[in-house]
Amino acid sequence: MDCLFCKIIKGEIPSNKVYEDDMVYAFHDISPIAPVHFLVIPKEHISGAAAVTPENSAVIAHIFEVIAKVTAEMGLEGGYRVITNNGDDAGQTVKHLHFHVIGGKQLGWSSAQGD
Ligand code: AMP
Ligand code: ZN
């Protein structure tokens, strides 16, 4: 399968790793929109939020455990935002489920409202 994030997981494309375990991989976004901007992805290929099912959803809970742990280690006590874009209307460019974690500054909300 020609999936950019599957290639990153396999190490075929380099990335700047933040965290890894047997279920998930996290790495810095190549085009950060805030001082902190990393992506957390399941190692299993799931195309997006719309492809989450009872059979594969356990990794989603684990991803949020990882986000809580990593953001605490980064000192983001002041807050952070978690975003997943699903589908073309949301601007999903990589069709492998990923959660953006952004923070390190006071975040506006206008772009998240879709203007
Ligand atoms: P989305 O638009 O929600 O699909 O987000 C895809 C994200 O992947 C964007 O924020 C890109 O900057 C990021 N991205 C694309 N290629 C890479 C890469 N090779 N390494 C790290 N992040 C990437
Ligand atoms: Zn993939």
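The structure we're discussing is the one just above.
Summarised in this report is the structure supplied together with it.

A look at the coordination of the zinc ion (ligand 2)
Within the first shell, the zinc ion (ligand 2) binds the protein through Cys3 (SG), Cys6 (SG), His45 (ND1) and His96 (ND1), at distances of 2.0 to 2.3 Å. Viewed at the metal, the four donor atoms of the zinc ion (ligand 2) are separated by angles of 104 to 115°, and the geometry they form is tetrahedral. Linear spacing of the donor residues for the zinc ion (ligand 2) on their chain is C-x2-C-x38-H-x50-H. Residue His45 is located in the loop between strand E3 (36–42) and helix H2 (58–74), and its partner His96 is located in the loop between strand E4 (80–83) and strand E5 (99–103); the two are separated by 51 residues in the primary sequence. A residue is classified by how much of its surface remains accessible, and His96, at 0% relative accessible area, is buried.

Focus: the layout of surface pockets
If a probe the size of a water molecule is rolled over the atoms, the empty space left behind becomes visible. Space inside the second largest pocket adds up to approximately 330 Å³. Forming the walls of the second largest pocket are 20 residues, and the residues nearest its centre are Phe5, Phe27, Asp29, Ile30 and Leu39. Taken together, the elements giving at least two residues each to the lining of the second largest pocket come down to helix H1 (4–10) and strand E2 (24–28). Examining the composition of the lining of the second largest pocket, we find that three residues originate from one element, H1, more than from any other. In terms of residue class, the lining of the second largest pocket is made up of nine nonpolar, 10 polar and one charged.

Topic: the side chain of His37
Checked against the element boundaries, His37 lands in strand E3. Beyond its immediate stretch of four places on either side in the chain, His37 contacts His28, Asp29, Ser31, Pro32, His100, Val101 and Ile102.

Observations concerning the site of ligand 1
Not every one of the 16 residues close to ligand 1 is listed here, only the nearest: Asp29, Asn85, Thr93, His98 and His100. Take Thr93: an N or O atom from its main chain is 2.7 Å from an oxygen atom of ligand 1. Between Val94 and ligand 1, the recorded distance is 3.1 Å, taken from a backbone N or O atom to an oxygen atom. When atoms are counted within 2 Å of each cavity's grid points, the one that captures over half of ligand 1 is the second largest pocket. Sorting the residues of the shell around ligand 1 by element identifies H1 and E2 as the ones contributing at least two each. In terms of residue class, the shell around ligand 1 is made up of seven nonpolar, eight polar and one charged.

Basis of the calculations
Residues numbered from 1 in each chain as written. Chains lettered and ligands numbered in written order. Predicted model: local features only at pLDDT ≥ 70, side-chain atom pairs only at ≥ 80, totals over all residues. Heavy atoms only, no water. Donors = N, O, S within 2.8 Å, 3.2 Å for Na, K, Ca; no water. Tetrahedral: all angles 85-135°; square planar, octahedral: opposite > 155°, others 65-115°. Helix = DSSP H or I, 4+ residues; strand = E, 2+ residues; numbered from the N terminus. Buried < 20%, exposed > 50% of the residue type's maximum accessible area, 1.4 Å probe, protein only. 1 Å grid on protein atoms, 1.4 Å probe; cavity = no way out; pocket = protein on both sides within 12 Å on 5 of 7 lines; lining within 4 Å. Points joined across faces, edges and corners; volume = space filled by probe spheres on them. Nonpolar A, V, L, I, M, F, W, Y, C, P; charged D, E, K, R; others polar. Contact = heavy atoms within 4.5 Å. Near = heavy atom within 4 Å. Polar contact = N/O pair within 3.5 Å; in protein donor to acceptor, adjacent residues only side chain to side chain. Sits in = over half its atoms within 2 Å of the grid points.

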